[in-house]
Number of protein chains: 2
Amino acid sequence: MNDDLRRRPIGVFDSGLGGLTVLRALHERLPDEDLVYFGDTARVPYGTKGERTVLAFARQDAGLLVAQGVKLVVVACNTASAFALDHLSEVLPVPVLGVIEPGVATALARTRGGPVGVIGTSGTIRSGRYQEGLGRVLDAGSIHARECPLFVPLVEEGLMGHALTDLAMEEYLAPLRAAGIDTLILGCTHYPLLKADLGRTMGPEVDLVDSAEALAEAAAARLAADSLRRRDSDDRAVSDRSGEMKFLLSDIPWKFAEIGERFLGRKIDDVRVVELDELEATGRDLDPGS
Amino acid sequence: MNDDLRRRPIGVFDSGLGGLTVLRALHERLPDEDLVYFGDTARVPYGTKGERTVLAFARQDAGLLVAQGVKLVVVACNTASAFALDHLSEVLPVPVLGVIEPGVATALARTRGGPVGVIGTSGTIRSGRYQEGLGRVLDAGSIHARECPLFVPLVEEGLMGHALTDLAMEEYLAPLRAAGIDTLILGCTHYPLLKADLGRTMGPEVDLVDSAEALAEAAAARLAADSLRRRDSDDRAVSDRSGEMKFLLSDIPWKFAEIGERFLGRKIDDVRVVELDELEATGRDLDPGS
């Protein structure tokens, strides 16, 4: 494995800005690695849309990152992970990691016997992927999944801690509380921002699993296993380097600065807007098609 | 003007399914006309997205309808009307109507002296187009505009009459009520479904202006003025014919049947899913570009 390959960035894509929570976790776990983020802000959200559409978008998103010369593609979006990970693993020339398996593994490691809950978009929950993963260990009666479609707009409006969010949580989560779950997977990149609200609604005895951290751990393990971790010219770990972050977006939404900072925890610089034509072309370049 | 042209369908596009409220109003006003609807369900919503993106999408959407041989393009989406109508008027080979001017005209005709309120997505309100239109007659102090970003997801979740919707209305509309508006423009195709909720929140003295009806009236006038109204072979009005409706969508979302029926007031048949490639190509065919 040559140094050039090791020094390439890690690529992360998401349907929009929510995946910045994953970028942040990756930067904390692998601070010396360069990161390229693509947020498909022109076509966000993915969670309400059909499988074919999400697959077609994910191909373009991943193709764009591959064209940036990344050494690993991280699918930060739960819905894209649900519908496109198998396909991307087949067609991409670099390794690819999704957010579902790490979340499932963490939940199974942490549960004290269940039941286990998972919340996400309509697409993620209806794909059944989390349920399948958990079902390899738990019986079906111990798995409780709920679509929570309003959580994404509530977070984007910055309504954490607001009465509207409390009410929506009560609406969606009462059945999970009644089922007595001990672990709850946050199956959407927006949900880590609702941790405090979720804690209040579910109570302190329910362990909240944030897939972002689990995914960062999985990415570190995968890079190590494939000898793709960044090394200096003497093949030593680079401990004192702070990796660069580059941001590609397909649209600058009205509340970009505000929403972006909320997810990343710092100001976003160095943004390039990707034209739709460029995005469409990289998807085509990725053939063989689905 | 030949019969062939008169017998062509009217094309209607929207960012998603909300524009079906406009389709419904057009069918009621012009029952003998054929209608082709395109909903860009793969990339919905437009209301949170930037001007360049909305313009690029609207070009593709309108191009797709032109490729279907329509005699008139109706832009049902308020955000697309705000950002793309001027451009489309220049580049389309057929007349084009947006939803903002008819809404403004109706509000100005109905107000009993104002103030007048308008609610819509972030894009629509920040474009300032409604405010400009109203400002040709009213002074700035008599125009009250509010972004209501949660109304679209609340409608799509079917939460009309729900406590969550009541609370969101209170949050967004208290300033409009305090301002003592006598007329409120519903500046988004989703909002007609909230008429009952809006009536409860604003009180019976506030006149709610639904742009769908105003737009249908404007379309009828425009077709008459351009001699494009459907006629039989003896050049007489066709009063007993029920026009056909065709539906094109870029995605079949998870709750399509439920949401679609809610907006249209009847079951949606004859749906064709438009591939992204086809949509992108029709946008390019529409050159000269912006």
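## Re the sheet that holds strand S7 (residues 183-187) of chain B
All names here are of chain B.
Here is step 1: The parallel open sheet is built from 4 strands, whose spatial order is S6-S5-S7-S8. The open sheet has two free edges, formed respectively by strand S6 (143-147) and strand S8 (207-210), since each of these has just one partner strand. Put simply, the sheet's adjacent strands are angled 20 degrees from each other on average, direction ignored.
Here is step 2: Note: S7 against S8, 4 bridges, orientation parallel. The partner of Thr 183 across the bridge, within S8, is Asp 207.
Here is step 3: Of the strands in this sheet, strand S5 (116-120), S6 and S7 touch helix H9 (residues 163-178), which is tilted by about 175 degrees from S6.

## Describing the interface of chain B and chain A
For an interface, size is often stated in terms of accessible area lost upon the parts coming together.
Here is step 1: Taken together, the contacts link 44 residues of chain B with 44 residues of chain A.
Here is step 2: For the pair chain B and chain A, the two sides together bury roughly 3200 Å², of which 60% comes from carbon and sulfur.
Here is step 3: Inspection of the region where chain B meets chain A yields 4 salt bridges.
Here is step 4: For Lys255(B), the salt bridge is made with Glu147(A), and the minimal N-O distance between the two is 3.7 Å.
Here is step 5: Here chain B and chain A share 16 residue pairs in polar contact (both at pLDDT 80 or more) between them.
Here is step 6: Listed by contribution, the elements that provide at least two residues to the side of chain B that touches chain A are helix H3 (51-67), helix H6 (122-127), helix H8 (151-156), H9 and helix H13 (276-285) of chain B.

## Re the environment of Tyr37(A)
Residue and element names in this part refer to chain A.
Here is step 1: Here Tyr 37 lies in strand S2 (residues 35-39).
Here is step 2: The spatial distance from the C-alpha of Tyr 37 to the C-alpha of His 144 is 32 Å, given a sequence separation of 107 residues.
Here is step 3: Sequence-distant contacts of Tyr 37, that is, excluding residues within four places in its chain, are made with Val 12, Asp 14, Gly 16, Leu 17, Gly 18, Gly 19, Leu 20, Leu 23, Lys 246, Phe 247 and Leu 248.

## Digging into unusual backbone geometry
Residue and element names in this part refer to chain A.
Here is step 1: Here Val 44 and Pro 45 are connected by a cis peptide whose omega angle stands at -5 degrees.
Here is step 2: Assignment of secondary structure puts Pro 45 in the loop between S2 and helix H3 (51-67).
Here is step 3: Following Gly 114, the chain continues into Pro 115 via a peptide bond in cis, with omega recorded as -5 degrees.
Here is step 4: Summarising the element assignment, Pro 115 is placed in the loop between helix H5 (100-110) and strand S5 (116-120).
Here is step 5: Here the phi dihedral of Ser 227 falls at roughly 50 degrees; this positive angle occurs in a residue that is not glycine.
Here is step 6: Tracing the backbone shows Ser 227 in the loop between helix H11 (211-225) and strand S9 (245-249).
Here is step 7: On the basis of relative accessible area, Ser 227 is assigned to the partly exposed category, the value being 33%.

## Things to note about the relation of the copies chain B and chain A
Here the second copy of the chain follows from the first by a rotation about an axis and a shift along it.
Here is step 1: When chain B is fitted to chain A, the residual RMSD is 0.0 Å, and the transformation amounts to a turn of 180 degrees plus an axial shift of 0.0 Å. Those values place the two copies in the arrangement expected of a two-fold rotation axis. Nearest to the rotation axis, the C-alpha of Arg43(B) is located 2.2 Å from it, this being the minimum over chain B.
Here is step 2: Comparing contact sets, 100% of the residues at the interface of chain B also lie at the interface in chain A, consistent with an isologous, same-surface contact.

## Notes on the environment of Pro31(A)
Residues and elements named next belong to chain A.
Here is step 1: Turning to its location among the elements, Pro 31 is positioned in the loop between helix H2 (20-29) and S2.
Here is step 2: Its relative accessible area of 36% is what places Pro 31 among the partly exposed residues.
Here is step 3: Discounting chain neighbours no more than four positions away, the residues touching Pro 31 are Arg 241, Ser 242 and Gly 243.

## Describing the nonpolar core
Here is step 1: Among the nonpolar cores identified, the biggest contains 138 residues, and Phe151(A) and Phe151(B) are the most heavily contacted of them.
Here is step 2: If sequence neighbours within four positions are ignored, Phe151(A) has contacts with Ile119(A), Ala168(A), Met169(A), Tyr172(A), Leu173(A), Tyr191(A), Leu194(A) and Leu198(A).

## Focus: the packing of H3(B) against H13(B)
Residue and element names in this part refer to chain B.
Here is step 1: One way to put it is that H3 packs onto H13 with a least axis distance of 7 Å and a crossing angle of 90 degrees. Classified by the angle their axes make, H3 and H13 are roughly perpendicular. Contact residues: Arg 59, Gln 60, Asp 61, Gly 63, Leu 64 and Ala 67 in H3; Glu 278, Leu 279, Glu 280, Thr 282 and Gly 283 in H13.
Here is step 2: In the contact of H3 with H13, the residues fall into 3 nonpolar, 4 polar and 4 charged.

## Looking at the sheet that holds strand S9 (residues 245-249) of chain B
Residue and element names in this part refer to chain B.
Here is step 1: Spatially, the 6 strands line up as an open sheet ordered S4-S3-S1-S2-S9-S10, and their pairing is parallel. Unpaired on one side and paired on the other, strand S4 (96-97) and strand S10 (271-273) mark the two borders of the sheet.
Here is step 2: Across 5 bridges, strand S2 (residues 35-39) lies against S9 in parallel orientation. Bridge pairing links Phe 38 to Leu 248 in S9.

## Some words on the domain arrangement of chain A
All names here are of chain A.
Here is step 1: Domain assignment breaks chain A into domain 1 (3-98 + 213-285) and domain 2 (101-211).
Here is step 2: With centres defined by C-alpha atoms, the gap from domain 1 to domain 2 works out at 24 Å.
Here is step 3: On the side of domain 2, 24 residues touch domain 1, which itself brings 21 residues to the contact.
Here is step 4: Our enumeration of links across domain 1 and domain 2 arrives at 3 salt bridges.
Here is step 5: With a closest N to O distance of 3.6 Å, Asp 86 and Arg 129 form a salt bridge.

## Here we look at helix H10 (residues 195-202) of chain A
Residue and element names in this part refer to chain A.
Here is step 1: For H10, the complete set of buried residues consists of Asp 197, Leu 198, Thr 201 and Met 202. Down the axis of H10, the smallest arc covering the buried residues is 115 degrees, so these residues share one side. Across from the buried face of H10, at angles greater than 90 degrees, the exposed residues are Ala 196 and Arg 200.
Here is step 2: Looking at the buried side of H10, the elements it contacts are S5, helix H8 (151-156), helix H9 (163-178), strand S7 (183-187) and strand S8 (207-210).
Here is step 3: Positioned one or two residues after H10, Gly 203 has a phi angle of 90 degrees, which is positive.

## Re the side chain of Thr53(A)
Here is step 1: Its place among the elements puts Thr53(A) in helix H3.
Here is step 2: Sequence-distant contacts of Thr53(A), that is, excluding residues within four places in its chain, are made with Ala42(B), Ser250(B) and Asp251(B).

## Quick notes on the side chain of Arg6(B)
Residues and elements named next belong to chain B.
Here is step 1: Considering the arrangement of structural elements, one finds Arg 6 in helix H1 (residues 3-6).
Here is step 2: A relative accessible area of 10% places Arg 6 in the buried class.
Here is step 3: A distance of 2.8 Å separates a polar atom in the side chain of Arg 6 from the backbone oxygen of Arg 229.

Criteria and thresholds
Residues numbered from 1 in each chain as written. Chains lettered and ligands numbered in written order. Predicted model: local features only at pLDDT ≥ 70, side-chain atom pairs only at ≥ 80, totals over all residues. Heavy atoms only, no water. Pairing = 2+ DSSP bridges. Helix = DSSP H or I, 4+ residues; strand = E, 2+ residues; numbered from the N terminus. Axes fitted to C-alpha atoms, helices over the stretch in contact; angles between N-to-C directions. Contact = heavy atoms within 4.5 Å. Buried area = accessible area lost by both parts, 1.4 Å probe. Salt bridge = Lys/Arg side-chain N within 4 Å of Asp/Glu carboxyl O. Polar contact = N/O pair within 3.5 Å; in protein donor to acceptor, adjacent residues only side chain to side chain. Buried < 20%, exposed > 50% of the residue type's maximum accessible area, 1.4 Å probe, protein only. Least-squares fit on C-alpha atoms with pLDDT ≥ 70 in both. Core = buried A, V, L, I, M, F, W, Y, C linked by side-chain atoms within 4.5 Å. Parallel < 35°, antiparallel > 145°, perpendicular 65-115°, else oblique. Nonpolar A, V, L, I, M, F, W, Y, C, P; charged D, E, K, R; others polar. Domains from an automatic or database assignment. Arc of directions from axis to C-beta.

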